[in-house]
Amino acid sequence: MDVLGRYRNLIVLVGVLFAQVLGLAVQVKRTNDSEPTRLIRIWAVDTVTPLERTLVWVQISTRNVWHNYFYLRGVRAENRSLKAQIERMSLEQVRMSQDADQARRLQALLAFKEQFISQTMAAQVIGSSGSELSRSVYIDKGERDGIKPDMAVITADGIVGKVLRVYGSTSLVLLIDDQTSGVGALLDKTRLQGILRGTPAGEVVLEKVMSDETVPAGEMVLTSGGDGIFPKGLLVGRVTKVAPGSELFLNIRVRPAADLSRLEEVLVVTKIDERQAEPDQTGAARAIDILAERLPTVPSKPENALKTDAPGAAAPGVATPGVATPGVAKPGVAKPPTTGSEVKPKAVTPEASAGSGAPAARKTASSASSSGTGSGTSSGTGPTATGTPAAKVPPKPVKVPVEPKPQPAAEDSPH
Amino acid sequence: MVITYTSGEQVEVYRFSIPATVLIPLTAVFLQAFLPLRFHFFSIFDLPLLVTIGFATARRSPLAGLLTGSFIGILQDALTHHPIGLYGISKTVVGFGASSLGIKLDVEHAGARFLLTIFFYVVHEVVYFLIARGLVGLRMEWSWPHEFLSGAANAVLGILVFMLLDRVKQRT
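Please read all numbers here as calculations on a predicted model, not as lab measurements.

Chemist: Run through the nonpolar core, naming residues and quoting values.
Modeler: Of all hydrophobic cores here, the largest spans 103 residues; its most connected members are Val160(A), Val173(A), Val236(A) and Val266(A). Not counting chain neighbours up to four residues away, the residues in contact with Val160(A) comprise Val153(A), Ile154(A), Thr155(A), Val173(A), Leu175(A), Ile176(A), Ala258(A), Leu260(A), Leu263(A) and Val266(A).

Chemist: Can you explain the interface of chain A and chain B? Please cite residues and give values.
Modeler: With 40 residues of chain A in contact, the opposing surface of chain B contributes 35 residues. Those elements that provide at least two residues to the side of chain A that touches chain B are α2 (8–30), α3 (39–70), β1 (113–128), β4 (159–166) and β5 (171–175) of chain A. Here the side of chain A that touches chain B takes 12 residues from α2(A), the largest share from any one element.

Chemist: Lay out the sheet that holds strand β9 (residues 220–223) of chain A with the relevant residues and their values.
Modeler: Whenever strands of a sheet pair, they do so through backbone hydrogen bonds, lying parallel or antiparallel. Residues and elements named next belong to chain A. If you trace the 6 strands once around the closed barrel, you get β6-β7-β8-β11-β10-β9, paired in antiparallel fashion. Between one strand axis and the next, the sheet turns through 45 degrees on average, direction left out of account. The sheet contact formed by strand β6 (residues 182–187) and strand β7 (residues 193–198) spans 5 bridges and is antiparallel. Counted as the bridge partner of Gly182 is Arg197 from β7.

Chemist: Kindly report on unusual backbone geometry, identifying the contributing residues and their values.
Modeler: All names here are of chain A. Of note, the phi angle at Asp150 is positive, near 75 degrees, even though the residue is not glycine. For Asp150, a count of 13 C-beta atoms within 10 Å corresponds to the partly exposed category. At Lys208, a position not held by glycine, the phi torsion is positive, near 65 degrees. Topologically, Lys208 is positioned in the loop between β8 (204–207) and β9. Its 17 C-beta neighbours within 10 Å are what place Lys208 among the partly exposed residues.

Thresholds applied
- Note that residues are indexed from 1 along each chain, following the sequence as it is written.
- The naming scheme follows written order: chains are lettered A onward, ligands numbered 1 onward.
- Residue-level local features of this predicted model are given only where pLDDT is at least 70; pairs of side-chain atoms are given and counted only at 80 or more, and the full residue set underlies all totals for whole chains, interfaces and linings.
- A set of buried Ala, Val, Leu, Ile, Met, Phe, Trp, Tyr and Cys residues, joined to one another through C-beta atoms within 7 Å, is what we call a nonpolar core.
- Counting other C-beta atoms within 10 Å of a residue's C-beta gives its exposure: the residue is buried at 20 or more, exposed at 12 or fewer, and partly exposed in between, where C-beta atoms are placed from the backbone.
- In this description, any two residues whose backbone-derived C-beta atoms lie within 7 Å of each other are considered to be in contact.
- Counting from the N terminus, the helices are DSSP H or I runs at least four residues long and the strands are E runs at least two residues long.
- Two strands qualify as a pair provided that DSSP identifies no fewer than 2 bridges between them.
- To define axes, lines are fitted to C-alpha atoms, for helices over the stretch in contact only, and angles between the resulting N-to-C directions are given on a 0 to 180 degree scale.

As structure tokens, then:
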């Protein structure tokens, strides 16, 4: 009895440590995704997160009042700048939509299924795990908002992580720089696939890329879609350093595009649709149009011919579908093609469809799938490499007055 | 800097009110989860550990120290995605050690507190490293310079935390 009293503290210490080690061992053995969340976690999260949520709300409200009502310096200049940007982007959008249409047609030809982010939910980051070794954050949306485990979390800049645990009104998001995370990724230009992992130091590395491959620094890293969580083509980051790694693989360091240390608002991808691309018209005719576009075309009409065109005609070489007048089938006017009759004969050659056309189509479709994934959501589109398809296709010939792009007027035309 | 050996009768034992006992650890865990989002450099600090050491050295009761450490550590674990017990075990050891040492040493002076905090920070990290790597199988990296620098940073903050705790502790 005396011994027990004398070593009471030590005995309690050993008892408490033993209980915790035992509990730890049980957790390690039983860890799986289907295991329900432990009550102690729910208590802890329910204790801490309401205060975090309140503080974040106060912080945002104060900031909004300040920025929206008092601190308006430079707003006019910013407004002017944004208007100019909108004009630039409108022009860019015309080109992009044409590329997107083209990509969709090619995808349809290949029976290519693509994933679209069809629904997202904005969430506020309210807290972190508080540990350098557990790189995760809490968001203010939970089960009651329809959040489920394994949903992808992104920002306009790039991917952030995935939902790991869901509580009533909050969720725990595992960041991509945590050592237990893994994301299927591929390199944009070389199309090499690997697994993106975090390191204990908080860095992000791309693993499982063979050491005999050449990976340039600065190359973009995109999601490959292979993990079943992130749709294909979302921007992950850029390669910063490539070094020989252990065994046969390269050690590729990646700088995440999203600033994971300063997260404030994120988007939770709540719905991803997988569907096959549907062409606007029959596939064969569209393929012809595409191939025809890549082949040498008829030279431009003389300038005097253009002068005789109707008002509203665009200048030669300038593709302006917005100003084109449907139904006016005069050459020299940038307008939708009626049937593509001028270009059809050139395209329907077996050599063209079996030879140069198919690889080009395959390559573009692959690239386009990268950009197509985020098309369902404006923010989701941000991380995608929208410029890639344009870079991959061979240079277009000089624009001719006939614009072989799908337009509403062209859809009704017979083929 | 004064580090003196004192007998059990010479040292003063303090207690904390129930609200302080509950709210201070909760606040520490809350701040540890909240501040790194706004101030990234704050992730180098371990505020719950400093509170554990502060409580343990003031109470000078190994039993209270280990239970406080265990409670704070498990609370901290619950917010991470790792198994519960990693911080729990580490802080239990620190709570027991700090209170045991608090009986032997006079830890009322800033210098003593500074050294004590560095020492227990390293102990905490060593225990955490061993458990995380050996039992849970996490990939861990160990760097003595990093640990000592982090320990020094925590010790500086610890002096401030202990001064705040001095204000709420009550003489028994």
